[in-house]
Structures are given as structure tokens and as C-alpha cells.
Amino acid sequence: MSPPSCNGFNSFLWVILLLGHSLLLVFGSFGDLLILLAMSLFSQANFEEESQKQPAVGHWKTLMPSKGSKEEPETACQDAEGVDETQSTEQLNVSRLRSSSVEIREKGSEFLKEELHKAQKELKLKDKECERLSKVREQLEQELEELTASLFEEAHKMVREANTKQAASEKQLREARGKIDMLQAEVTALKTLVITSTPSSPNRELHPQLQSPSKAVFRKGHGRNKSTSSAMVSAASQNVTPEPVSHERKEVDSILFAEFQAWKESPTLDKSCSFLDRIYREDVGPCLDFTKQELSELVRVAVEQNTLTIEPIASQALPVVKVSTEECGGPKKCALSGLPRTCKHRIMLGDSGNYYYISPSCRARITAVCNFFTYIRYIQQGLVRQDVELMYWEVMRLRREMSLAKLGFYPSEM
């Protein structure tokens, strides 16, 4: 399509026509409307050009008549009539084109207004959507920050708890290893003292009553004596005037022996059984019943839990943590009886670090109870391999030691 030869206005219309054609390919109906508008304007411009040229030609013909022709006036009249008809037709066409172009412009403006209104509505909707999405984004960012902060706080809390548990586990491991080493040493000593003792060849160190009177002497000092000390402690807590076994007459009590046999079938440290209940009532309770009731109860619990320590006063050179002089006593005052006595030993309950000075009589009573609990623990653990009757008489001997100690009898070496 090539533009026709026309003036500047026609060139401008031609440019609009090309632009409308291009927009037709892109925007559809809007480009089509521009093409129609440009074509109407272009047709109107061409028609006005032709209408301006034709009257000049008709007037030219009327101004140049032939002198020798008779038909010149008629021809001129006919030409004038034709020109008038042509002019009226052209004016009618021009008015139609103008009305059609005005209509097209009005439709185009209405269409453009509608499109503009639609575009404005879409923009408002998009603005609202953008605002909503921005609020959602801000809310999500805030929630993400809060979640991150809570996660970091929880992680730090878990790390602290893990460190605390690790420290506690390491402490328990060290304590367990210490207890294992102590138990291994005790088991080694028991193998040489308890397991080797049989009815046919009894171990005289385990049964000091079988020794001769010249050898049946008491050991001085007590060292660091846990309540699970070996059975050698029983030799230090025997009665003052031991007699040979052959000179003693013994008779088994059927009730006590039946209770011991029932306990031996399933040995336990629960004092609800009839065997231990009787011993608690008749021996352990009275033997550990001191003037200071509160401290007596703590001593009883420590003996049962195997956490009592007895040691000579001179063997401890480290600083001692005390609760008070009134409660712990001193070298010249017993903490359990509250009486002025010369105290050569002191006790510690568990790992408290508090030491209590005790008199020789109180030490003998505590030692007798510790020896009893040590022996029945060995029976419970299966370390004593003797006949049931021999074990029964050993328990009776330990009960006799507790009875003598609670009555105030104790060796002079203590």
C-alpha cells in the first residue's frame, strides 16, 4: 500500500492510517477504530479537494463561450444546471461524510472512555491486591523473625540442658568408677577370707572364736571403715572374755532358724520380712538409740544405705567442715550421747563433709550394727558359701555382739 499524492494533511491522515493498521495487529478493535477514523477523514479531505477544483472548471467553461456558435447559451445553461446538481450532490456527500465522521468520533471517544474506565478499575483492583500482598508479606516476615528467635532460644536452652546433663553424667561416672574400685577391692579381700572358709577347714581370721586365747587380740585403729568393710571387723568387736567353742553349749531356736531359712531362700534387705523385722526390733533399733534422736536417725539411715565412714581423729589432716560445735561434739564430748567423753574416732554421714566425734561405747555399738549388715549383704550377694546352720550361728554371734554393745560392753582397745 503506497500513499497517494496529496497535500500535507493527507500525508498526516495516511500516517494515522498506517498507525491504525499497526495497532490493528496489536490491539484488535482499537486499531480497527483508528483505521475507520483515518479512512473517513481521508475520504472527506479528498472530496473537499475535488469539490474545490470542479467549480473552477465549470466557471472556466462559462467564461469562455464560442462566438460563432448558436448553441452556446443553451450549453451554458445546461452546464450551469449540471454544476449546480453536482455541487448539491457533493455538498450532500460532504454533509454525510461529516456526520459519519462525527459519529465515528463519538463512538471512538465512548469506546476509549469505556476502556479507560475498565483500565482504571483494573488498576484499583491491582492496587488493592498489591496492598493485601504487602501486608501478607510483612506478617510473614514478622512471623519468620519470631519463629527464628524462638528457635534460637530453644536451641540455647537445649544446649544448656545438655551441658548440665553431661556434667551430671560425668560426675555420676566418676562416682560409679570409685565405687567399682572399692567393690573390687572388697571382693578381692572376701575371696581370701569368706570363700576359702568351709565347714571342714574354717578360716580362723573369719571366725576368731576358733583362735587360741593368746592370738585372739583386738586390732587397734579402725581406719576408714565403710559399713561394707570385710568380716575382719567382727574380730575387733567380739566380747571381752571369749571362750573356746568346745566349752559353749548351743541349741538352735526353731522359730529363729525357720525365719532365717525363709529369708535365706530369697535374701533381701527389706525389713518387712519376719527375720529382719525381729532383728530391727530387738537389736538394731536399741543398739542405735542414742540421746541425740535426730542424729541417731541419720546414723541408722547411713548404716542401712552403706554410706557411714568411721576413722580415727589423728588420721585426718584435712580441714573439716562442721555444722556447729554443739552438734558435732569434740575430742572431749560425744556428739551422740552428749556426755563428756574422750573421743578417739569420728564419723561422717555420706558425702556431707560434716564429722561427728563419738565415744568408744558409741563406736562399739555402731560397729556391731555395721558388722551385721555387712554379713547379711555378703549372704545376699552369694559371697558366703557355708552351710545354712553355720551361717545361722554367725548371725546369732553378730546379734550377741549388738546386744552386748547396747548394754555398754566394749573392748578396752576401742
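Each chain has its residues counted from 1, following the order in which its sequence is written. Totals for whole chains, interfaces and linings use all residues, but because this is a predicted model, local features are given only for residues with pLDDT of at least 70 and pairs of side-chain atoms are given and counted only at 80 or more. No hydrogens and no water enter the side-chain calculation; it runs on all heavy atoms of the structure.

Undergrad: What's the story with the nonpolar core in this structure? I'm lost.
TA: What tends to happen in soluble globular proteins is that the nonpolar side chains get buried as a cluster. In this structure, V284, L308, L336, I347, I366 and F372 are the most contacted members of the largest nonpolar core, which totals 50 residues. A run of H or I in DSSP becomes a helix once it reaches four residues, and a run of E becomes a strand once it reaches two; helices and strands are each numbered from the N terminus. Those elements that place two or more of their residues in this core are α5 (254-265), α6 (274-287), α7 (293-304), β2 (308-312), β3 (345-349), β4 (355-358), α9 (360-380) and α10 (388-406). The greatest single-element share of this core, amounting to 11 residues, is contributed by α9. With near-sequence residues (within four places) excluded, F372 lies in contact with L276, I279, V284, V395, L398 and M402. Only buried Ala, Val, Leu, Ile, Met, Phe, Trp, Tyr and Cys residues count toward a nonpolar core, and they belong to the same one when joined by side-chain atoms within 4.5 Å. Only protein chains enter the accessibility calculation, which uses a 1.4 Å probe. A residue is then buried if its area is under 20% of the maximum for its type, exposed if over 50%, and partly exposed in between. Contacts are assigned to residue pairs with any non-hydrogen atoms lying within 4.5 Å of each other.

Undergrad: How should the packing of α6 against α9 be read in this particular structure?
TA: What describes two packed helices is the angle between their axes and the distance between those same axes. The axes are straight lines fitted to the C-alpha atoms, using for helices just the contacting stretch, and the angles between their N-to-C directions are given from 0 to 180°. Viewed as axis vectors pointing N to C, α6 and α9 meet at an angle of 155°, and their least axial separation amounts to 9 Å. Compared by their axis directions, α6 and α9 come out roughly antiparallel. Between α6, through L276, I279, Y280, V284, P286 and C287, and α9, the contact on the second element is made entirely by R365, V369, F372, F373 and I376. Among the residues forming the contact of α6 with α9, the class breakdown is 10 nonpolar, no polar and 1 charged. Throughout, the term roughly parallel applies to angles under 35 degrees, roughly antiparallel to angles over 145, roughly perpendicular to angles from 65 to 115, and oblique to all others. Ten residue types, Ala, Val, Leu, Ile, Met, Phe, Trp, Tyr, Cys and Pro, are classed as nonpolar, four, Asp, Glu, Lys and Arg, as charged, and the remainder, Gly among them, as polar.

Undergrad: I tried to follow the confidence of the model for the chain on my own but got confused; where do I start?
TA: A low pLDDT means the predicted coordinates there should not be read in detail. On average, residues of the chain score 74 in pLDDT, and 62% of them reach the 70 mark or higher. Think of pLDDT as the predictor's per-residue confidence, scored from 0 to 100. Low pLDDT (under 50) marks residues 1-6, which in the prediction has 7 contacts with non-local residues, meaning those over four places away or in another chain. Below pLDDT 50 for its whole length, residues 316-323 participates in 15 contacts with residues either more than four positions away or in separate chains.

Undergrad: Just to check I follow, could you spell out the packing of aromatic side chains for this structure?
TA: Two aromatic rings, taken as a pair, are described by how far apart their centres are and by the angle between their planes. When the centres of two rings from Phe, Tyr and Trp lie within 6.5 Å, Trp using its six-membered ring, the rings pair. Their planes under 30 degrees apart give stacked, over 60 give edge-to-face, and anything left gives tilted. Enumeration according to the criterion identifies 8 aromatic pairs in this entry. Here F257 and Y392 contribute two aromatic rings whose centre-to-centre distance is 5.2 Å and whose plane-to-plane angle is 90°, an arrangement assigned as edge-to-face. In this pair, F257 is assigned in helix α5 and Y392 in helix α10, connecting sequence segments 135 residues apart. For Y392, a relative accessible area of 1% gives the class buried. Measuring from centroid to centroid gives 5.4 Å for Y392 and W393, while their planes differ by 65°, and the two rings are edge-to-face. The rings of F257, F260, W263, F275, Y392 and W393 are connected pair by pair, giving a single aromatic cluster. Remark: a charge is flagged as sitting over a ring if the NZ atom of Lys or the CZ atom of Arg is within 6 Å of the ring centre and within 35 degrees of the ring normal. Above the face of the Y280 ring, K271 is positioned so that its terminal group lies 5.1 Å from the ring centre. If you follow R346 out to its NZ or CZ, it ends over the ring of Y355, 4.3 Å from the centre.

Undergrad: Help me out: how do you make sense of α5 in this one?
TA: Each turn of an α-helix holds 3.6 residues, which means side chains three or four residues apart point in the same direction. Helices are assigned an expected span. That span is 1.5 Å times one less than the residue count. A rise of 1.5 Å per residue sets the reference length of α5, with its 12 residues, at 16 Å; its end C-alpha atoms lie 17 Å apart and thus fit the reference within 8%. The complete set of buried residues in α5 reads L256, F257, E259, F260 and W263. Around the axis of α5, the buried residues are gathered within 160° of arc, so they sit on the same side. In α5, the exposed positions that point more than 90 degrees away from the buried face belong to S254, I255 and E265. On its buried face, α5 sits against α6, α9 and α10. When we speak of the arc, we mean the arc of directions from the helix axis to the C-beta atoms.

Undergrad: Would you mind going over the packing of α5 against α10 with me for this structure?
TA: At their nearest, the axes of α5 and α10 sit 11 Å apart, and the two run at 115° to each other. Compared by their axis directions, α5 and α10 come out roughly perpendicular. When the axes of α5 and α10 are compared, the crossing they make is right-handed. Of the residues in α10, those in contact with L256, F257, F260, Q261 and K264 of α5 are V388, E389, M391, Y392, V395, M396 and R399. Residue composition of the contact of α5 with α10, grouped by class: 8 nonpolar, 1 polar and 3 charged. Two helices crossing with the near one rotated counterclockwise from the far one by less than a right angle form a left-handed crossing, whereas a clockwise rotation gives a right-handed crossing.

Undergrad: What exactly am I supposed to notice about the pairing of β2 here?
TA: Regular strands have side chains that alternate between both faces of the sheet. Within β2, 5 of the 5 residues are buried, which leaves it mostly tucked inside the rest of the structure. Neither face of β2 is left uncovered, since the one carrying L308, I310 and P312 and the one carrying T309 and E311 both have all their residues buried.

Undergrad: For this particular structure, what's the right way to read a negative patch on the surface?
TA: There is a patch of like negative charges on the surface, built from E106, E110, E114, E115 and E122. Among the secondary structure elements, E110 is positioned in helix α3 (residues 72-193). Patch criteria: residues need more than 30% relative accessible area and no salt bridge. Like-charged residues are merged within 9 Å; nonpolar side chains of Val, Leu, Ile, Met, Phe, Trp and Tyr are merged within 5 Å. Accessibility throughout is a Shrake-Rupley quantity obtained with a 1.4 Å probe, and a residue counts as covered only by protein chains that appear here. Salt bridges are identified by distance alone: a Lys or Arg side-chain nitrogen within 4 Å of an Asp or Glu carboxyl oxygen. Charge counting treats Lys and Arg as positive and Asp and Glu as negative, with His and both chain ends excluded. Here the site of a charge means NZ on Lys, CZ on Arg, CG on Asp, or CD on Glu.

Undergrad: Any chance you could explain α9 here in plain terms?
TA: The end-to-end C-alpha distance of α9, which contains 21 residues, comes to 30 Å, matching closely the 30 Å that a straight helix rising 1.5 Å per residue would cover. The buried count for α9 comes to 19 of 21 residues, which makes it a mostly enclosed element. Looking one or two residues past α9, G382 carries a phi angle of roughly 80°, positive in sign.

Undergrad: Explain the pattern of salt bridges to me, please; I cannot follow it from the model alone.
TA: Side-chain pairs of opposite charge can arise whenever the charged atoms involved come near each other. Evaluated as defined, the whole model comprises 13 salt bridges. Measuring nitrogen to oxygen at the nearest pair gives 2.6 Å for the salt bridge that ties R399 to E282. In this pair, R399 is assigned in helix α10 and E282 in helix α6, connecting sequence segments 117 residues apart. When its relative accessible area of 31% is taken as the criterion, E282 is described as partly exposed.

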